[in-house]
Amino acid sequence: MDYTLEEKEAFMREALKEAEIALEHDEIPIGCVIVKDGKIIGRGHNAREELQRAVMHAEIMAIENANLSEESWRLLDCTLFVTIEPCVMCSGAIGLARIPNVVYGAKNQKFGAAGSLYDILTDERLNHRVDVETGILESDCAGIMQDFFRNRRKK
Ligand SMILES: [Zn+2]
């Protein structure tokens, strides 16, 4: 993936906008965009509460939208930007969609499957391997989560 740091931060800011949408629905604020040739082809945010769908994580919504706009299940030459490390399900879906590059903001020590609990995206036993980069706008991506859980504890 040949995006400059500035470009990566700009795409991660778009993923953060999606996280803000989740926040408006009092939802764990995680957002995602999928980029191809410098253009966003899919956006998604966590919508478990809004849609009452157990699997509607940000990455799943963004993959569904990108599949629709590409009219293809294969998302070759794409980069997925997500604010928080993908979970087991989403890491599996990233492989199924053949997405070659993933950039995430902050780690998820409890549920992360892209380096924390598991490392599904780079597991050599699986036939699809992904280039993973972390730490883009990390403090913003982690901060919105920390604020959400802090406020929720107060309620
Ligand atoms: Zn997930």
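Going by the structure above, here's the rest.
In short, a report on the structure. (Residues numbered from 1 in each chain as written. Predicted model: local features only at pLDDT ≥ 70, side-chain atom pairs only at ≥ 80, totals over all residues. Heavy atoms only, no water.)

**A short note on the pattern of salt bridges**
It is possible for side chains of opposite charge to pair when their charged atoms get near one another.
Reasoning step 1: A complete count under the given rule lists eight salt bridges for this structure.
Reasoning step 2: A salt bridge links glutamate 133 to lysine 8; its shortest N-O distance comes to 2.9 Å. Here lysine 8 lies in helix 1 (residues 5-24) and glutamate 133 lies in strand 5 (residues 131-134), a separation of 125 residues in the sequence.
Reasoning step 3: Glutamate 133 sits in the partly exposed class, given a relative accessible area of 25%.
Reasoning step 4: Between glutamate 14 and arginine 43 there is a salt bridge whose closest N-O contact spans 2.9 Å. Remark: arginine 43 occurs in strand 2 (residues 39-45) and glutamate 14 occurs in helix 1; sequence separation between them is 29 residues.
Reasoning step 5: Accessibility expressed as a relative area gives 19% for glutamate 14, which makes it buried.
Reasoning step 6: Connected via shared salt-bridge partners are Glu14, Lys17, Glu18 and Arg43. (Salt bridge = Lys/Arg side-chain N within 4 Å of Asp/Glu carboxyl O. Helix = DSSP H or I, 4+ residues; strand = E, 2+ residues; numbered from the N terminus. Buried < 20%, exposed > 50% of the residue type's maximum accessible area, 1.4 Å probe, protein only.)

**Focus: helix 5 (residues 138-154)**
Reasoning step 1: Taking 1.5 Å of rise per residue, 17 residues should cover 24 Å, and helix 5 covers 24 Å from first to last C-alpha, within 8% of that figure.
Reasoning step 2: Those residues of helix 5 that are buried lie in contact with helix 1, strand 3 (78-84) and strand 4 (101-106). (Expected span 1.5 Å × (residues − 1). Contact = heavy atoms within 4.5 Å.)

**Section: the coordination of the zinc ion**
Reasoning step 1: Taken together, the protein ligands of the zinc ion are His57 (ND1), Cys87 (SG) and Cys90 (SG), with distances of 2.1 to 2.3 Å.
Reasoning step 2: In primary-sequence terms, the residues that donate to the zinc ion follow H-x29-C-x2-C. Here the residue histidine 57 occupies a position in the loop between helix 2 (48-51) and helix 3 (58-70), and cysteine 87 occupies one in the loop between strand 3 and helix 4 (88-96), the gap between them amounting to 30 residues.
Reasoning step 3: Residue classification places histidine 57 among the partly exposed positions, given a relative accessible area of 22%. (Donors = N, O, S within 2.8 Å, 3.2 Å for Na, K, Ca; no water.)

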